[in-house]
Amino acid sequence: TERYNARTSEPKWQKAWDAEKLFETKNDDPRPKYYVLEMFPYPSGRIHMGHVRNYTMGDVVARFRRANGCNVLHPMGWDAFGLPAENAARDNKVNPRDWTHANIATMKGQLKTMGLSLDWTREIATCDPSYYRHQQKMFLDFWQSGLVERKAAKVNWDPVDMTVLANEQVIDGRGWRSGAPVEQRDLTQWFFKITSMSQSLLDGLDTLDRWPEKVRIMQQNWIGRSEGLLLRWALAEDTAPAGESELEVYTTRPDTIFGASFMAVAADHPLARKAAETNPRLAAFIDEVRHMGTSVATLETAEKRGFDTGIRVIHPFDKNWTLPVYVANFVLMDYGTGAIFGCPGHDQRDLDFANKYGLPVTPVVKPEGVDAANFQVTEEAYGDDGTMINSRFLDGMTPDAAFNDVATRLAGVIIGGRPQAERKVQFRLRDWLISRQRYWGCPIPVIHCDDCGAVPVPNDQLPVELPVDVSFDKPGNPLDHHPTWKHTACPKCGKPARRDTDTMDTFVDSSWYFARFTDPWNATAPTTLAYVDGKNGWLPVSQYIGGVEHAILHLLYSRFFTRAMKATGHVNAVEEPFEGLFTQGMVVHETYKGPSGWVTPAEVKIEEVDGKRKASLLADGTPIAIGPIEKMSKSKKNVVDPDDIIASYGADTARWFMLSDSPPERDVIWTEAGVEGAHRFVQRIWRLISEAASLLEGVEPAAADAGAGATISQTAHKMLKGVGEDIERLHFNKGVARIYELTNVLSPAVAEIGTGVGDASHKAAVRQALEFLVVMIGPMMPHLAEECWAALGGKGGLVAAQSWPIFDPTLVMDNEFTYPVQINGKKRGDLTIARDADQAAVEKAALGLDFVQKALEDRAPRKVIIVPQRIVNVVA
Ligand code: ANZ
Ligand code: ZN
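Residues numbered from 1 in each chain as written. Chains lettered and ligands numbered in written order. Predicted model: local features only at pLDDT ≥ 70, side-chain atom pairs only at ≥ 80, totals over all residues. Heavy atoms only, no water.

As annotated in an unreviewed UniProt entry, the protein carries the name Leucine--tRNA ligase and comes from Manganibacter manganicus. Looking at the Subcellular location (unreviewed entry) heading of the UniProt record, one finds this comment for the protein: "Cytoplasm". The UniProt entry for the protein carries this comment under Sequence similarities (unreviewed entry): "Belongs to the class-I aminoacyl-tRNA synthetase family." (UniProt positions renumbered as here; feature names shortened; annotations may be inferred.)

This is how it looks when you write it as structure tokens:
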């Protein structure tokens, strides 16, 4: 037989699927709906192996569910706004739109060669006005519903690039691109009030039982709920700045109140500012802390530093006990009240601080089994549970009881007309700042008027479109220095007014695209209520697949957005957009380093020398060092281009290798040997099928229940059941292993038939098993499956349109059973016997076992207890 030629075969079948519109999904189709979605790509230029892995997995699910009778939605689009387009515009003088659309065209072509069963009629690009006009509408609806707020925020300002930077873009206090020292600026910005849904976002996590545990925990920590007390400390009058009388702190450990040794406030705390008015050295310290940047990471790693303000507070339970108030660099202004009481015995940061400034350290909770007198804290704070000590009336209590006791007592004390303590639930989650001083994003549809303030752009003026004629010659935001774009009339009073020149964070674009896919043709509204969710709707997405790097932001924002869409009537009832979530591992590869830096796998020749792998440069034999296996990245040059693989081996080989080598949640190591192996298997299947096709022409497939064919039928039905379950559980590599197993059984069977062995029932069984095999490889290697199906006669047209066969339950049962055999209640061995063996037969076989006879020492047993299909117990 001829070798299977992927290069001619793959485009042929892709055309055949297209011609039959097999993957175009109708919203009104009555079959049960199944929505499978992979995280849509950013059109950076070309697809990479990570995409190949992600989309292959999604495609297996889509094709499998389709074969199982579902109306499957499997769409694709482009997360098309973002900074790289602007950088390209600046560096290469291309328009961001042209750059983006060119990349989309390239990548779409690449995706098509992969043979994905996508409904391209629903394609969307977030940079198209036909998409972002609806986003602008929703922004305005959210605003009207109180879910949007404009407020001043401290931002990292890069004075050279003239833009706001995210915390992650500030490195050692400098802008990541410009290297200029970053300034803290107060800017008025737009926020989505995600914190108004903190509790709901937290509670919802409990319902997501088809999400990875680790992602739920990450979101939980990010939302960061804690239960504590707002606790007000009176200032010692003789030390208080004019007009100040108390300091309010937030604490989750009021039980440790007798271990308090100092107070600390953030540099931006009003009390710090007040104290600095009369203390220039303090003012200088505050300035220095401010310049450090506000990123949580910096604060956590930086050395703890403070400055004693000279102010003292009075302990709530002892009016003769006063404590100093410091300004400290580890206290954040935007959490709690921006002030803490420090308890060095039980908080590491407080301990570091106390040790540095010579403040007292009094442990107030001791571990079980340790003497209070002997318990000391010096270098390591004690954070665990235990018993209260050194705490007067709290001594002997658990910390929980002490918490409640302190809370109750101080709730009853009135200072300044209010209770001294109040229980408070606090979330770490911050509101979502969406303003970006960028061009290539969705314009914020707001007009600023000197008289009317911020005015929404009227519906009939949407979309606010980005101007095309922009220049990137100047630093800063091109929208802002465009000669005409921002000048407009106030929709309310008609006077000259300015457009908002900020655009939305690109995470907004990806927070609702999954909803848009359900009816991308709706020109007048973001969604169509009949299709988006509910009885005939698509949401929630049945299976979402993507990288774990989106565990927090994208997935949390989407959950918020869905709730906000519900509040504004853009979905009916759904709150959780993704019912099932799967996060796949990365594609990794060896690295290679030559004398002048990293080199690509394509430039390297690998040989075995004395049992060791040695690398050299293909071109001239220069020795190359083999480096560690790492995520494929341009910087390490360990990238394999999917185009090259598809051109030399075909898409099916790439798909098969991606699925076969490791569990999908783990990293997969891309190796040439692995790809070769996958390719050999493609050829092997093809040889098997083409050989069988002529041998079994005219044979009707049927299961055999006796004779040589019976084993074949049992294996085939077992594998059919197993592979289906594997795909349902996304255990693709296990499914692959079963397909190998079935092939190993079928190869000799077909060879035997070739030598003339086997009766009609045997042939029918082999034929059926082969058909199963072809249908089963369909989701994974769809082109090869079509070629094989056609070779076998092409019954019912394309294999992509076939139903998943139904396994026969009687054939998948194991017909043997292994009993654990106990002697006097202790397991001593096993007995494997026909499943339908009766009690007498089991007893006889058990008593005949060597180890049983030895134990009985030739005497008759007192009793033999047999629990069918469970256990045998011999009582001696
Ligand atoms: C006294 C105390 C004693 C604390 C102790 C901890 C341990 P979570 O659980 O994350 O909510 N804290 C409060 N506001 C802060 C701020 N703006 N910046 C830095 N730290 C702040 O953490 C709550 C705890 O973090 C609070 O409880 C407070 O320190 C500190 F043995 O109060 B604790
Ligand atoms: Zn006006």
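A. Just the nonpolar core, in detail. Counting 169 residues, the largest nonpolar core has Phe 139, Phe 192, Tyr 513 and Trp 670 as the members making the most contacts within it. It is helix 22 (residues 760–777) that contributes the most residues to this core, 11 residues altogether. In terms of nonpolar packing, the next biggest core, distinct from the first, is built from 44 residues, Ala 260, Phe 307, Tyr 382 and Leu 410 among them. (Core = buried A, V, L, I, M, F, W, Y, C linked by side-chain atoms within 4.5 Å. Buried < 20%, exposed > 50% of the residue type's maximum accessible area, 1.4 Å probe, protein only. Helix = DSSP H or I, 4+ residues; strand = E, 2+ residues; numbered from the N terminus.)

B. Representation of the UniProt feature "binding site: ATP" (unreviewed entry) in the protein in the model. The UniProt record marks Lys 634 with the feature "binding site: ATP" (unreviewed entry), using the residue numbering of this structure. If you trace the backbone, Lys 634 turns up in the loop between strand 34 (623–631) and helix 17 (642–649).

C. Examining the packing of aromatic side chains more closely. Applying the stated criterion to the full structure yields 45 aromatic pairs. The ring of Tyr 335 has Arg 428 lying over it, and the distance from NZ or CZ to the ring centre is 4.1 Å. We note Lys 593 situated over the ring of Trp 598; from NZ or CZ to the ring centre the distance is 4.6 Å. (Phe/Tyr/Trp six-rings, centres within 6.5 Å; stacked < 30°, edge-to-face > 60°. Lys NZ or Arg CZ within 6 Å of the ring centre and 35° of its normal.)

D. Broad picture of unusual backbone geometry. Residue Leu 462 is joined to Pro 463 through a cis peptide bond whose omega torsion reads 0°. Structurally, Pro 463 is set in the loop between strand 24 (453–456) and strand 25 (487–489). In this structure, the amide linkage connecting Leu 539 to the following residue, Pro 540, adopts the cis form with an omega of 0°. Tracing the backbone through its elements, the reader meets Pro 540 in the loop between helix 15 (529–532) and strand 28 (543–547). One non-glycine residue, Asn 824, adopts positive backbone phi at about 50°.

E. Fine view of the side chain of Asn 103. With respect to the helices and strands, the residue Asn 103 is situated in helix 4 (residues 96–113). You can call Asn 103 buried: its relative accessible area is 10%.

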